[in-house]
Amino acid sequence: MTEKPNHYIIPAQLTDEQVERFRAEWNLHGPDVRRFVDTLVRVAGMPVPMHVDVETLAHRIIRDVAELPDRTGPNDEPDLLLVKTSELEQIICAALNEGIAG
């Protein structure tokens, strides 16, 4: 079963199309939608840089998985990396947090 996400990234500025979709669903005027989103971003938002170096994050994740202790791949697959789901989740979260903060 797929879990519902518990975090979303909301842009600080909505496009006209996003405002229109929100306005139509909630029967609000465009300026009210923009004011609501401004408040939501200010109250609950977390600043995220516009550009995250995805390649650097990917290399960090691969490095961190490769550096896990007591791991050996099959002899016929030397590039195979073995990792538990919980370990991979921790590594990805750490890399993303560093990428966002850095």
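Residues numbered from 1 in each chain as written. Predicted model: local features only at pLDDT ≥ 70, side-chain atom pairs only at ≥ 80, totals over all residues. Heavy atoms only, no water.

Of note, the phi angle at Asn-27 is positive, near 55°, even though the residue is not glycine. Residue position: Asn-27 is located in the loop between α1 (16–26) and α2 (30–44). You can call Asn-27 exposed: its relative accessible area is 67%. (Helix = DSSP H or I, 4+ residues; strand = E, 2+ residues; numbered from the N terminus. Buried < 20%, exposed > 50% of the residue type's maximum accessible area, 1.4 Å probe, protein only.)

Here we come to the nonpolar core. Among the nonpolar cores identified, the biggest contains six residues, and these are Leu-57, Ile-61, Val-65, Leu-68, Ile-91 and Ala-95. Of all the secondary structure elements, the ones that give two or more residues to this core are α3 (54–66) and α4 (85–101). Ranked by the residues each element gives to this core, the list is headed by α3, at three residues. Every residue in contact with Ala-95, bar those within four places of it in the chain, is listed here: Leu-57, Arg-60 and Ile-61. (Core = buried A, V, L, I, M, F, W, Y, C linked by side-chain atoms within 4.5 Å. Contact = heavy atoms within 4.5 Å.)

A few words on the environment of Phe-22. The topology assignment puts Phe-22 in helix α1. Placed 11 residues apart in sequence, Phe-22 and Val-33 show a C-alpha to C-alpha distance of 7.0 Å. Once you skip the residues sitting within four places of it in the chain, Phe-22 turns out to touch Leu-28, Val-33 and Phe-36.

This part takes up the side chain of Glu-87. Position of Glu-87 among the secondary structure elements: in helix α4. Residue contacts for Glu-87: discarding those within four places in its chain leaves Leu-68 and Arg-71.

On the secondary structure map, Arg-60 appears in helix α3. Owing to a relative accessible area of 16%, Arg-60 belongs among the buried residues under this scheme. Residues in contact with Arg-60, not counting those within four places in the same chain, are Ala-94, Ala-95 and Glu-98.

It is worth spelling out the packing of aromatic side chains at this point. Per the stated rule, a full pass over the model turns up two aromatic pairs. Taking the centre distance of 5.6 Å and the plane angle of 35° together, the rings of Phe-22 and Phe-36 count as tilted. In this pair, Phe-22 sits in helix α1 while Phe-36 sits in helix α2, placing the two residues 14 residues apart along the sequence. You can call Phe-22 partly exposed: its relative accessible area is 25%. A relative accessible area of 42% means that Phe-36 is categorised as partly exposed. (Phe/Tyr/Trp six-rings, centres within 6.5 Å; stacked < 30°, edge-to-face > 60°.)

In this section: the confidence of the model for the chain. In this model, the chain carries a mean pLDDT of 80, and residues with pLDDT of at least 70 account for 81%. When mean pLDDT is taken per element in the chain, α1 scores highest with 88 and α4 scores lowest with 81. (pLDDT = per-residue confidence, 0-100.)

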